Amino acid sequence: MKIEDKIEFKVENHKSRITFETTGGGSWKVWDRFISLDKEKMYHIGNVCGTCEFFFIKQSKSLEINFNEKHLIESLNDGNLELTKSTVSELSKIIPNGNYLVLNSRIKPEIVTSESDNNYFKKEQREAWRDDFDEESLKPEETEYNNYYREPLEDFGKMKYDHKEAFFNFFVPLYKTNELNESRVEFYKEKISKGEKPIVVSIGVLDVKTSEEYPLINGEEVNPDFGTHWCLANYVIDGHHKLKAASELNQEIGLITFVSRDESWKLIDDMVSKLTGQTKKKWQFWKN
């Protein structure tokens, strides 16, 4: 993930069909978090536990959301959209109310299948957490975990604990990747092949999870290379065909993601600083 621009933005849009929802659990007033469309839960996006596994579980089988800002579509498709307060204001019409750090980045998405070596939930997560996932009695193989994209992990080094920390960047589509319009995928592949970088729009939520119990091999606990996972899940609002096209070509495209300051771990600034190599005092923002 190559962060090029960023801007702080507060969304105050009472007509947005997309909202964040929470439910309690046990003695916790807030435990589980969801992204909903018209109050119907789209994705279960994790809980507030700092030692539980990271996850996202699709809830609704029928989703229908369209990006209708037609005067911005051409700029998004061509990758020529600048991150200004004006354009972010237009894009925010489909974003839930709240406070965001909006990032304009370059990404190189890799599609994940249930059997591929880059399947986080069967590889890196199992290397750091014991295999006892029990969120609502669901296991990764029983959900649509293979319906997403990612980038390779980025080594954050040793920060707080004795073990190292890793950053994972996920791109979670609302629609199944095998049900997309192939002619539209080819349209974007042609654009990307010409050097253009179409832009995807998403809502981002950062979770930082630290394993409390490491995997056991022959009864012995095995220390993982990365015991803390910084997981940025970008829930895609617009750009499903662009993601698939870029993945098939193994090429970069653009991403504008509204990273929620309200729903994320309070480490967004640290994440950006680690990815850019700049302390927050030296950050520069687009102004309009």
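It should be noted that the structure appears before, not after, this text.
What you see is a predicted model, and the numbers here were worked out from it, not measured in a lab. (Residues numbered from 1 in each chain as written. Predicted model: local features only at pLDDT ≥ 70, side-chain atom pairs only at ≥ 80, totals over all residues. Heavy atoms only, no water.)

Draft legend 1. Focus on the overall build of the chain. Within the chain one finds six helices and 15 strands. For the chain, with 288 residues in total, the buried portion stands at 55%. Restricting the contact set of the chain to residue pairs at least 6 apart, pairs at least 24 apart contribute 75%. Looking at the chain as shown, the accessible area adds up to about 13,800 Å², and 44% of this sits on carbon and sulfur atoms. (Helix = DSSP H or I, 4+ residues; strand = E, 2+ residues; numbered from the N terminus. Buried < 20%, exposed > 50% of the residue type's maximum accessible area, 1.4 Å probe, protein only. Contact = heavy atoms within 4.5 Å. Areas by Shrake-Rupley, 256 points an atom, 1.4 Å probe, with all protein chains shown as cover.)

Draft legend 2. Geometry of the state of the cysteines. Overall, the coordinates contain one disulfide when judged by the stated rule. There is a disulfide in this structure between Cys49 and Cys52, and the S-S distance comes to 2.5 Å. Between Cys49 and Cys52 the disulfide shows an S-S torsion of about 85°. By sign, it is right-handed. (Disulfide = S-S within 2.5 Å.)

Draft legend 3. Structural view of helix α4 (residues 182-193). Under the 1.5 Å per step criterion, the end-to-end length of α4 is 16 Å for 12 residues, consistent within 8% with the ideal 16 Å. Inspection of α4 places Val185, Tyr188, Lys189, Lys191 and Ile192 among the buried residues, and these make up the whole buried set. Buried residues of α4, seen end-on, are gathered within an arc of 160° and therefore sit on one face of the element. Pointing more than 90 degrees away from the buried face of α4 are the exposed residues Ser183 and Ser193. Gly195 occupies a position one or two residues after α4 and carries a positive phi of about 100°. (Expected span 1.5 Å × (residues − 1). Arc of directions from axis to C-beta.)

Draft legend 4. Quick peek at the packing of α4 against helix α5 (residues 240-249). Contact pair α4 / α5: the axes reach a minimum separation of 8 Å and the direction vectors enclose 60°. When the axis of α4 is compared with that of α5, the two are oblique. Here α4 and α5 pass one another in a crossing that is right-handed. Where α4 abuts α5, its residues Glu182, Arg184, Val185, Tyr188, Lys189, Ile192 and Ser193 lie against His241, Lys242, Lys244, Ala245, Ala246, Glu248 and Leu249. Residue composition of the contact of α4 with α5, grouped by class: six nonpolar, two polar and six charged. (Axes fitted to C-alpha atoms, helices over the stretch in contact; angles between N-to-C directions. Parallel < 35°, antiparallel > 145°, perpendicular 65-115°, else oblique. Left-handed = near helix turned anticlockwise from the far one by under 90°. Nonpolar A, V, L, I, M, F, W, Y, C, P; charged D, E, K, R; others polar.)

Draft legend 5. How the structure looks around unusual backbone geometry. One non-glycine residue, Asp38, lies in positive phi territory at about 50°. Of note, the phi angle at Asn250 is positive, near 55°, even though the residue is not glycine. Among the secondary structure elements, Asn250 is positioned in the loop between α5 and β15 (253-260).

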